[in-house]
Amino acid sequence: RLDNEISISFFLDHRKNSMSSYKLNYTDSFGNGDVNSLGSNPENGSSLAQSEKAVEELLIQQTPMLATDDHLIEFSEALRTVAKALRGSAEGKALAQAEAAEWKRRYELERSKNQELLHKAPLNGVCADESSNKGMDHLAKSPRRHGQENGKPERYSLERICSHDVLQDGESNSPNGCNNKLKRKASFKLSWGCKGQANDQHKKEIVSFESGNITTADRSSKQISLTWETNPQTVIIFTKPNSTSVRVLSVEMVRWLREHKGLNVYVEPRVKAELLSESCSFDFVQTWEDDKEISLLHPKVDLVITLGGDGTVLWAASMFKGPVPPIVPFSMGSLGFMTPFHSEQYRDCLEAVLKGPISITLRHRLQCHIIRDKARHDYETEENTLVLNEVTIDRGISSYLTNLECYCDNSFVTCVQGDGLILSTTSGSTAYSLAAGGSMVHPQVPGILFTPICPHSLSFRPLILPDHVTVRVQVPFNSRSSAWVSFDGKGRKQLEAGDALVCSIAPWPVSTACQVESTHDFLRSIHDGLHWNLRKTQSSDGPRDT
Ligand SMILES: NC(=O)c1ccc[n+]([C@@H]2O[C@H](COP(=O)([O-])OP(=O)(O)OC[C@H]3O[C@@H](n4cnc5c(N)ncnc54)[C@H](O)[C@@H]3O)[C@@H](O)[C@H]2O)c1
Ligand SMILES: Nc1ncnc2c1ncn2[C@@H]1O[C@H](COP(=O)(O)OP(=O)(O)OP(=O)(O)O)[C@@H](O)[C@H]1O
């Protein structure tokens, strides 16, 4: 601080014509006087200006002896140096004090915010009967660490969430509300951890600030495992249509699930008809009359099995407008990014899954909402659609460029002029978005991919946005043509000028069972499915660096 006042007083002995004593005072930025003082005679201090004037007068008017003159000059130089040093030290001290006060203020603020959050947020890992207001949101957004679990030391403890939590949330959000059926559902818990790494316990749940250090948030995308707490009793099987191999397998699997595992089995109406045409002994198999009824099934179903390719997984997920039971996807298609299980080994695989624990990939979905300009004042709006891969806004049959205004949390992002735009989940990053030049992203990375389709621009690179944002894509009023939206490649809807699509991460992810674990399965699928970075290895036979 530069406002320190320094006064130097000289006490001159006129008789001896020499300096006898001095005193230095300075006032710090907090108004404390006499913080440091030097000198042998502390009384009779005067201002610096007066003292300097006195020195000057002495030097000029009194014609002192040469020796005394030199002595005074030397002394005044010394004083200047001391004054400069003191000023520097006072400045440094004041700065440090001000900085410390600011750090302290921020730390207190952060601590009080954290404590507030702790009070507000319910604890994860507590079963539904202990805490009733938890949801999948906590799983995805606010994992919490337990000090002790099952008597194990803290460093081995895992975070967990019970299936009740998922249900409770689903029930409160579901338009159908099936509370009376909750008890029929097998309960399970999800745990996530970092293979017992000792230092894991030190991670903080949110970004925190301590002693000038910023520590990062806990990682949300850990390996997640599912452990049944009560045995699963009901499964639902979705099958790819018009496939003989799928039909043969479904007959065999339904019988095995009933006879060897004693499970209740649901299938689609089409499949029930197929089963009954094989044998009337399949009349135990349950189904539903129309698609609306399936939305009432999720409280009863413990496990979903799919027989087909990725499209069948997408189809199965689309049947659940709220929470989705864990899915075990068997590969009976050509690519199989999301279908790691081999159908030939279905017995071993289902034995392992029904017994648990199993690794799962928690795949985020996007919830998409169309807002019509014509209906902007209406109370009723169109129903949300949930997608596991992506929502696409394109030019459809129009031969004009699409013109789409894009906003992210109300900030203008850009205007897409080209064939269209893909808003993809990270699971969908290996599907259409990949074909349009988007990056491949591990499915458990939270985020929304913003990938243009054939943009008529040289510099439109794809983006990946964080998972908390809301994206709005609007057809401007001056657009030459309307645009078309499709959800996981299905259910096309027209967007007229002024209409908008609003899209954000849904609170109901889809958990798919892993064959090994999430990262292993993802890497296997990009290697086997896409032959990613496949190249003949260069031979060692040739020129080398010396
Ligand atoms: N140009 C393209 O690549 C293109 C065009 C349209 C649709 N699609 C994709 O097809 C999906 C619909 O799948 P479908 O089976 O109902 O249609 P489909 O029968 O036309 O199959 C599309 C292909 O995409 C693959 N696929 C689907 N989801 C995938 C994923 N997450 N990762 C890697 N590959 C995936 C499928 O295995 C299949 O081979 C859409 O969600 C979209 O992503 C891609
Ligand atoms: N149960 C179902 N009912 C109606 N349509 C379905 C069902 N299961 C899958 N489909 C549709 O059938 C199409 C093909 O399915 P899927 O992708 O599973 O098989 P595939 O094309 O042989 O596999 P892959 O995608 O690996 O090549 C998809 O468009 C999907 O939406």
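Bear in mind that the values here come from a model prediction, so they are computed numbers and not experimental data.

Engineer: When you look at the overall build of the protein chain in this model, what are you seeing that I'm missing?
Structural biologist: A count of helices and strands for the protein chain gives eleven helices and 25 strands. Burial status across the protein chain gives 45% buried among its 546 residues. A separation of at least 24 residues holds for 66% of the contacts in the protein chain among residues at least 6 apart in sequence. Put simply, the protein chain shows about 29,600 Å² of open surface, and 50% of that area lies on carbon and sulfur atoms.

Engineer: What is the right way to look at the site of ligand 2 in this model?
Structural biologist: Taken together, 16 residues are adjacent to ligand 2, and Thr 239, Lys 240, Gly 309, Thr 312 and Ser 334 come closest. At 3.4 Å from a nitrogen atom of ligand 2 is found a side-chain nitrogen or oxygen belonging to Arg 270. A distance of 3.0 Å is found between an oxygen atom of ligand 2 and a backbone nitrogen or oxygen belonging to Gly 311. Here ligand 2 loses 71% of its free accessible area of 600 Å² to cover by the protein chains.

Engineer: Please clarify how the side chain of Gln 444 should be interpreted in this entry.
Structural biologist: Residue position: Gln 444 is located in the loop between helix 10 (432-435) and strand 19 (448-455). In this structure the side chain of Gln 444 is engaged in a polar contact, spanning 2.8 Å, whose partner is the backbone nitrogen of Leu 362.

Engineer: I tried to follow the site of ligand 1 on my own but got confused; where do I start?
Structural biologist: In the neighbourhood of ligand 1, 16 residues make up the surrounding shell, with Asp 310, Asn 389, Glu 390, Thr 430 and Ala 431 lying closest. One of the side-chain nitrogen or oxygen atoms of Thr 430 is found 2.7 Å away from a nitrogen atom of ligand 1. Between Lys 490 and ligand 1, the recorded distance is 3.5 Å, taken from a side-chain N or O atom to an oxygen atom. Against a free-state accessible area of 780 Å², the protein chains account for coverage of 64% of ligand 1. Of all the elements in the fold, those that place two or more residues in the shell around ligand 1 are helix 8 (310-318) and helix 10. For the shell around ligand 1, the element with the highest residue contribution is helix 8, accounting for three residues. Within the shell around ligand 1, the residues separate by chemical class into seven nonpolar, five polar and four charged.

Engineer: Can you walk me through the nonpolar core in this structure?
Structural biologist: Looking at soluble globular proteins, one finds that nonpolar side chains tend to be buried together. In terms of nonpolar packing, the biggest core is built from 39 residues, with Ile 237, Met 253, Leu 257, Leu 307, Val 328, Phe 330 and Leu 350 touching the most fellow members. Examining the composition of this core, we find that seven residues originate from one element, helix 5 (residues 244-259), more than from any other. In this structure, Ile 393, Phe 460, Leu 465 and Phe 487 belong to the second largest nonpolar core, which totals 27 residues.

Engineer: Please explain the packing of aromatic side chains as it appears in this structure.
Structural biologist: Aromatic rings in a pair are described by how distant their centres are and how their planes are angled relative to each other. Applying the stated criterion to the full structure yields seven aromatic pairs. Ring centres of Phe 238 and Trp 288 lie 6.4 Å apart, and the angle between their planes is 50 degrees; this geometry places the pair in the tilted category. Here the residue Phe 238 occupies a position in strand 8 (residues 234-239), and Trp 288 occupies one in the loop between helix 6 (269-278) and helix 7 (291-294), the gap between them amounting to 50 residues. In this structure, Phe 238 and Trp 288 share a single accessibility class: buried. Ring geometry for Phe 450 and Phe 460: centres 6.4 Å apart, planes at 40 degrees, overall tilted. Of the two residues, Phe 450 is situated in strand 19 and Phe 460 in the loop between strand 19 and strand 20 (463-465); the sequence distance between them amounts to ten residues. Phe 460 carries the same exposure label as Phe 450, and that label is buried.

Engineer: In this structure, what is going on with a negative patch on the surface? I would like to understand it.
Structural biologist: Together, Glu 289, Asp 290, Asp 291 and Glu 293 line one region of the surface with negative charge. Relative to the assigned elements, Glu 293 resides in helix 7. Classification of Glu 293 as partly exposed rests on a relative accessible area of 30%.

Engineer: Would you take a moment to explain helix 5 for this structure?
Structural biologist: An α-helical turn contains 3.6 residues, so any two residues separated by three or four positions project in the same direction. Taking 1.5 Å of rise per residue, the 16 residues of helix 5 would be expected to cover 22 Å, and the 23 Å separating its terminal C-alpha atoms lies within 8% of that figure. Of all the residues in helix 5, the buried ones are Val 246, Leu 249, Ser 250, Val 251, Met 253, Val 254, Trp 256 and Leu 257. In the core, the buried residues of helix 5 are packed alongside strand 8, strand 9 (264-267), helix 6, strand 10 (303-308), strand 11 (327-331) and helix 9 (346-355).

Engineer: It is not clear to me how the confidence of the model for the protein chain should be interpreted in this structure. Could you clarify?
Structural biologist: Any segment with low pLDDT has predicted coordinates that should not be analysed in fine detail. Mean pLDDT over the protein chain: 79, with 71% of residues reaching 70 or higher. Predicted confidence for residues 122-158 stays below pLDDT 50, and this span has 85 contacts to residues more than four positions away or in other chains. Here the complex is predicted with pTM 0.71, and the ipTM for its interfaces comes to 0.95.

Engineer: Even after reading the chapter, I still don't get the packing of helix 5 against helix 9, so can you show me in this structure?
Structural biologist: The geometry of helix 5 relative to helix 9 is characterised by a closest axis approach of 11 Å and an angle of 40 degrees between their N-to-C directions. Relative to helix 9, helix 5 is oriented oblique. Helix 5 and helix 9 meet at a crossing whose hand is right-handed. Residue-level contacts link Leu 249, Glu 252, Met 253, Trp 256 and Leu 257 of helix 5 to Tyr 346, Arg 347, Leu 350 and Glu 351 of helix 9. Of the residues assigned to the contact of helix 5 with helix 9, the class counts are six nonpolar, no polar and three charged.

Engineer: What is the right way to look at unusual backbone geometry in this model?
Structural biologist: Both trends apply: most residues other than glycine have a negative phi, and most peptide bonds are in trans. The residue after Gly 356, namely Pro 357, is reached through a cis peptide bond having omega -10 degrees. Topologically, Pro 357 is positioned in the loop between helix 9 and strand 13 (358-363). The backbone of Asn 242 shows a phi angle near 60 degrees, a positive value even though the residue is not glycine. Taking the relative accessible area as the measure of exposure, Asn 242 reaches 84% and is therefore exposed. One non-glycine residue, Asp 409, lies in positive phi territory at about 50 degrees. By the secondary structure assignment, Asp 409 is in the loop between strand 17 (402-408) and strand 18 (411-424). Asp 409 gets classed as partly exposed once you look at its relative accessible area, which sits at 41%.

Engineer: Sorry, what's going on with the pairing of strand 9 here?
Structural biologist: Look at any regular strand and the pattern is simple: side chains alternate between the two faces of the sheet. Across four bridges, the pairing between strand 8 and strand 9 is parallel. Following the sheet pairing, Ile 236 is matched in strand 9 by Tyr 266. For the handedness criterion, the β-α-β arrangement of strand 8, helix 5 and strand 9 is classed as right-handed.

Parameters and conventions
- Residue indices begin from 1 for each chain and proceed along its sequence in written order.
- Numbering of ligands from 1 and lettering of chains from A proceed in the order in which they are written.
- In keeping with the predicted nature of the model, local features appear solely for residues at pLDDT of at least 70, side-chain atom pairs appear and are counted solely at 80 or more, and the whole-chain, interface and lining totals rest on all residues.
- Calculated side-chain values reflect all of the structure's heavy atoms, with hydrogen atoms and water omitted.
- Comment: elements are numbered from the N terminus, with helices defined as DSSP H or I runs of at least four residues and strands as E runs of at least two.
- In this scheme, a residue with accessible area under 20% of its type's maximum is buried, one over 50% is exposed, and one in between is partly exposed, where area comes from a 1.4 Å probe on protein chains only.
- The criterion used for residue contact is that any of the two residues' heavy atoms lie within 4.5 Å.
- Method for areas: the Shrake-Rupley scheme with a 1.4 Å probe, in which residue coverage is limited to the protein chains shown.
- One heavy atom within 4 Å of a molecule or strand makes the whole residue count as near it.
- Polar contact is defined as a pair of N or O atoms within 3.5 Å, subject to the rule that within protein one atom must be able to donate a hydrogen and the other to accept it, and that residues adjacent in sequence are counted only when both atoms are side-chain atoms.
- Residue polarity is assigned by list, with Asp, Glu, Lys and Arg as charged and Ala, Val, Leu, Ile, Met, Phe, Trp, Tyr, Cys and Pro as nonpolar; anything else, Gly included, falls into the polar class.
- Take the buried Ala, Val, Leu, Ile, Met, Phe, Trp, Tyr and Cys residues and link them wherever side-chain atoms come within 4.5 Å; each set so joined is a nonpolar core.
- Between the rings of Phe, Tyr and Trp (Trp by its six-membered ring), a pair exists once the centres lie within 6.5 Å; its type follows the angle of the planes, with under 30 degrees stacked, over 60 edge-to-face, and the other angles tilted.
- A residue counts toward a patch only above 30% relative accessible area and without a salt bridge, and it is joined to like-charged neighbours within 9 Å or, for Val, Leu, Ile, Met, Phe, Trp and Tyr, to nonpolar neighbours within 5 Å.
- A pairing counts as a salt bridge when a side-chain nitrogen of Lys or Arg comes within 4 Å of a carboxyl oxygen of Asp or Glu.
- When charges are tallied, Lys and Arg are placed among the positive residues and Asp and Glu among the negative ones, while His and the ends of the chain are skipped.
- Just so you know, the charge point we use is NZ for Lys, CZ for Arg, CG for Asp and CD for Glu.
- Under the convention used throughout, the expected extent of a helix is 1.5 Å for every residue step, that is, one less than its residue count.
- Per-residue confidence from the predictor is given as pLDDT, running between 0 and 100.
- The convention used is that axes are lines fitted to C-alpha atoms, helices contributing only their stretch in contact, and that angles between N-to-C directions extend from 0 to 180 degrees.
- For classification purposes, an angle smaller than 35 degrees is called roughly parallel, one larger than 145 roughly antiparallel, one from 65 to 115 roughly perpendicular, and anything else oblique.
- We call a crossing left-handed when the near helix sits turned anticlockwise from the far one by less than a right angle, and right-handed when that turn is clockwise.
- A pair of strands is labelled paired if DSSP reports no fewer than 2 bridges between them.
- Looking down the strands as they point away from the viewer, one classifies a crossover as right-handed if the path from the first strand across the helix to the second runs clockwise.

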